[in-house]
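Okay, here's what each chain looks like letter by letter:
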Amino acid sequence: MKSPHSTGPKGAARTGGAALGLLAWLAGILFFLPVAWMALTSFHSEADAATNPPSLAASLTLDGYRDFFGAGGGATPWPALTNSAVASVVSTLCVLLLAMPAAYALSIRPVKKWTDVLFFFLSTKMLPVVAGLLPIYLFAKNTGMLDNIWMLVILYTSMNLPIAVWMMQSFLAEVPVAVIEAARVDGARLPVLLTRIVAPISAPGIAATALICFIFSWNELLFARVLTGVVAQTAPVFLTGFITSQGLFLAKVCAASLVVSLPVLAAGFAAQDKLVQGLSLGAVK
């Protein structure tokens, strides 16, 4: 007589699920450890942060955060953080406003050879960023938009628009056509369809797209480094200023990195349910 705990199809499935769960936990811990180590180092003094091997039992201090926020007479990070917030939020809103009608045309009311159109959108991301750096710099210089935050807004919008259209096309393709046809019969025009019918149904996909565009804009460094100076300096550019010829102030850099990362982490945590729903939308029929 077989034991109730004997291996079988269900037992093997449970064992495989437990192994996958354990693997997922290990992968999550490996990804989280550098962030946790950075957070711990940010509360150490520069002398303790520079020890090799580092000491876990070192005394904690807020000196790194005080230095980052200019308590010691240094530059304040608030203008750079404000510039990053403006460039990221405004460009993300512009991307959503432009990507929604384009994705609607490519999914719910597809144009001819819509797959070729999608490939063209995606092909624009294949150009190396460095290859477009000089033409964009010359354009900004000749139009008087160097060190201008609105130049970054335009640039981030154009950079994120292709991937946003690509993502939202797959999300909007899951919207039931019958609902849209019923709204059309009732006299709803395109703006009403997009705002009151399509947007609520595809809200998880829109949230996932918005979050990814926000992260890309917030973390962008190369163009912000070349096209800005003092007025439009963003947070990543401000962060690079802590690496000087005098050395690397590890505790201060970790404190600055944690503060600069907080908006992205907060946005991801606030929209995590919508992000999971959006990224898995259409995966299971």
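Higher on the page you've got the structure.
Residues numbered from 1 in each chain as written. Predicted model: local features only at pLDDT ≥ 70, side-chain atom pairs only at ≥ 80, totals over all residues. Heavy atoms only, no water.

A. Representation of the packing of aromatic side chains. According to the stated counting rule, one finds five aromatic pairs in the structure shown. Between the aromatic rings of Phe 68 and Phe 69, the centroid separation amounts to 5.0 Å while the plane-to-plane angle is 75°, which identifies the pairing as edge-to-face. Take Phe 68: its relative accessible area is 1%, and that puts it in the buried class. Following the ring pairs from residue to residue traces out a cluster consisting of Phe 68, Phe 69, Trp 78 and Phe 238. (Phe/Tyr/Trp six-rings, centres within 6.5 Å; stacked < 30°, edge-to-face > 60°. Buried < 20%, exposed > 50% of the residue type's maximum accessible area, 1.4 Å probe, protein only.)

B. Region of interest: the environment of Ala 85. Among the structural elements, Ala 85 can be located in helix α4 (residues 78-107). What Ala 85 contacts, discounting residues up to four positions off in sequence, is Val 90 and Trp 218. (Helix = DSSP H or I, 4+ residues; strand = E, 2+ residues; numbered from the N terminus. Contact = heavy atoms within 4.5 Å.)

C. How the structure looks around the layout of surface pockets. Looking at the largest pocket, its volume works out to about 430 Å³. What lines the largest pocket is a set of 15 residues, among which Thr 124, Leu 127, Ile 136, Met 159 and Phe 223 lie closest to the centre. Among the secondary structure elements, those contributing two or more residues to the lining of the largest pocket are α6 (133-142) and α7 (149-172). Take the lining of the largest pocket: its biggest share by element is six residues, from α7. (1 Å grid on protein atoms, 1.4 Å probe; cavity = no way out; pocket = protein on both sides within 12 Å on 5 of 7 lines; lining within 4 Å. Points joined across faces, edges and corners; volume = space filled by probe spheres on them.)

D. The arrangement of the pattern of salt bridges in detail. Applying the stated criterion across every chain yields a total of two salt bridges. The salt bridge involving Asp 63 is made with Arg 66; its shortest N-O contact spans 2.8 Å. Taken together, the residues Asp 63 and Arg 66, both in helix α3 (residues 63-68) and three residues apart, mark about one turn of the helix. Residue classification places Asp 63 among the partly exposed residues on the basis of a relative accessible area of 38%. Its salt-bridge partner being Glu 181, residue Arg 184 comes within 2.9 Å of it at the nearest N-O pair. Within this pair, Arg 184 and its partner Glu 181 are both found in helix α8 (residues 177-185), separated by three residues, close to a single helical turn. Take Glu 181: its relative accessible area is 39%, and that puts it in the partly exposed class. (Salt bridge = Lys/Arg side-chain N within 4 Å of Asp/Glu carboxyl O.)

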